[in-house]
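What follows is the residue order along each chain.
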Amino acid sequence: MDRPLRVAALASGRGSNLAALIAARLPIEFVLVGSDKASAGALAVAAESGIPTVALNPRDYATRTDFDRALFGRVADAGADLLVLAGFMRIIDAGVVADWEGRAINVHPSLLPKYRGLHTHRRCLEAGDAEHGASVHFVTAELDGGPVVAQARIPVRQDDTEASLATRLLVEEHRLLPAVVGAIASGRLRWEGGAVFDGDPLTTPLDITELL
């Protein structure tokens, strides 16, 4: 590619992963940050960096599919090569996701396939796990079920609470997501009907250290 990778992001919350991605100063061009919430902190993070933003209200659309098509249509109109779901807290219509196969990634706070969905830190503690982590995966119609490309791990401490575990893991998320986007921007990680890293099919998730 003879130009920077064009990246769009969708987020529903405060935008800390987006802020980490921006701060990483990767060879990418942010073309849009979108949200399903006009009050999302991620929109303010984007605006402060001069990135175009859009917020659409799901209640303004007759169906979930209509909303998804409208929002993802804005992403497509922005010319994004890669869509990053950085805390976008909605289940996306399968047909809409299919149009972005191999061009959309998500960061999730668990060692997938463990703990898909919500309350991952609580579920990790309740299970008595010795370690916790974050995953970045390609997005498919299956909730948090797409091919995992990279993970970061932390030990679970005896005195950990949901809050402390979440705080420590967020530091790793802020390293992991930029590392994966950087690998995509450089061409090391790409999609060829499946994830390929440095020319070889990716059969197991990379450790973050392999990307840094």
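So, here's what we can say about the structure.

So, how was this worked out
- Residues numbered from 1 in each chain as written.
- Predicted model: local features only at pLDDT ≥ 70, side-chain atom pairs only at ≥ 80, totals over all residues.
- Heavy atoms only, no water.
- Helix = DSSP H or I, 4+ residues; strand = E, 2+ residues; numbered from the N terminus.
- Rg over C-alpha atoms; globule rule 2.2 N^0.38 Å.
- Buried < 20%, exposed > 50% of the residue type's maximum accessible area, 1.4 Å probe, protein only.
- Contact = heavy atoms within 4.5 Å.
- Areas by Shrake-Rupley, 256 points an atom, 1.4 Å probe, with all protein chains shown as cover.
- Pairing = 2+ DSSP bridges.
- Right-handed = clockwise from strand over helix to strand, strands pointing away.
- Axes fitted to C-alpha atoms, helices over the stretch in contact; angles between N-to-C directions.
- Parallel < 35°, antiparallel > 145°, perpendicular 65-115°, else oblique.
- Left-handed = near helix turned anticlockwise from the far one by under 90°.
- Nonpolar A, V, L, I, M, F, W, Y, C, P; charged D, E, K, R; others polar.
- Polar contact = N/O pair within 3.5 Å; in protein donor to acceptor, adjacent residues only side chain to side chain.

### Side note on the overall build of the chain
Next, step 1: A count of helices and strands for the chain gives 6 helices and 11 strands.
Next, step 2: Relative to the 2.2 N^0.38 estimate, which gives 17 Å for 212 residues, the radius of gyration of the chain is 17 Å and therefore close to what a compact globule would have.
Next, step 3: Projected onto the principal axes, the alpha-carbon positions of the chain cover approximately 45 × 40 × 35 Å.
Next, step 4: Counting only residues that meet the buried cut, the chain has 49% of its 212 residues in that class.
Next, step 5: Within the chain, residue pairs in contact and separated by at least 24 positions form 59% of the contacts whose partners lie at least 6 positions apart.
Next, step 6: By element, 50% of the accessible surface of the chain is carried by carbon and sulfur atoms, the whole surface being about 10100 Å².

### So, the pairing of strand 1 (residues 5-10)
Working note: regular strand, side chains alternate between the two faces of the sheet.
Next, step 1: A large share of strand 1 lies buried, amounting to 5 of its 6 residues.
Next, step 2: Strand direction decides the pairing type here: strand 1 and strand 2 (residues 28-35), joined by 6 bridges, are parallel. Within strand 2, the position partnered with Leu10 by the bridge is Gly34.
Next, step 3: For the crossover from strand 1 across helix 1 (residues 16-23) to strand 2, the handedness is right-handed.
Next, step 4: Bridge analysis of strand 1 against strand 4 (residues 82-85) gives 4 bridges, and the strand direction is parallel. Opposite Ala8, over in strand 4, you have Leu83 as the bridge partner.

### What about the packing of helix 1 against helix 2 (residues 41-48)?
Next, step 1: Put simply, helix 1 and helix 2 touch, their axes get as near as 8 Å, and they point 20° apart. Here helix 1 lies roughly parallel to helix 2, going by the angle between them. Handedness of the crossing formed by helix 1 with helix 2: right-handed. Contact residues: helix 1 offers Leu18, Ala19 and Ile22, while helix 2 offers Ala42, Val45 and Ala46.
Next, step 2: Grouping the amino acids of the contact of helix 1 with helix 2 by side-chain chemistry returns 6 nonpolar, no polar and no charged.

### Brief notes about the sheet that holds strand 8 (residues 189-191)
Next, step 1: Pairing is antiparallel across the open sheet formed by 3 strands, whose spatial order is 8-9-10. A strand with exactly one partner marks an edge of an open sheet, and here the two such strands are strand 8 and strand 10 (200-201).
Next, step 2: Where strand 8 meets strand 9 (residues 195-197), 3 bridges bridge the pair, whose relative direction is antiparallel. Across the sheet, the residue bridging to Trp191 is Ala195, located in strand 9.

### Quick look at the environment of Ile154
Next, step 1: On the secondary structure map, Ile154 appears in strand 7 (residues 148-155).
Next, step 2: As for Ile154 and His108, which are separated by 46 residues in sequence, their C-alpha atoms are 14 Å apart.
Next, step 3: Every residue in contact with Ile154, bar those within four places of it in the chain, is listed here: Glu131, His132, Leu165, Arg168, Leu169 and Glu172.

### Focus on the sheet that holds strand 6 (residues 131-138)
Next, step 1: Read across the open sheet, the 8 strands follow the order 3-2-1-4-5-6-7-11; overall the sheet is mixed. The strands lining the two open edges of the sheet, one partner per strand, are strand 3 (53-55) and strand 11 (206-207).
Next, step 2: Here 2 bridges tie strand 7 to strand 11, and the two strands are oriented parallel to one another. Paired with Ala150 across the bridge in strand 11 is Leu206.
Next, step 3: In the packing of helix 1 onto the sheet, the strands contacted are strand 1, strand 2, strand 4 and strand 5 (104-108), and the crossing angle to strand 2 comes to about 165°.

### Structural notes on the side chain of Asp81
Next, step 1: Relative to the assigned elements, Asp81 resides in the loop between helix 3 (64-77) and strand 4.
Next, step 2: Side chain to side chain, Asp81 and Arg3 meet in a polar contact 2.8 Å long.

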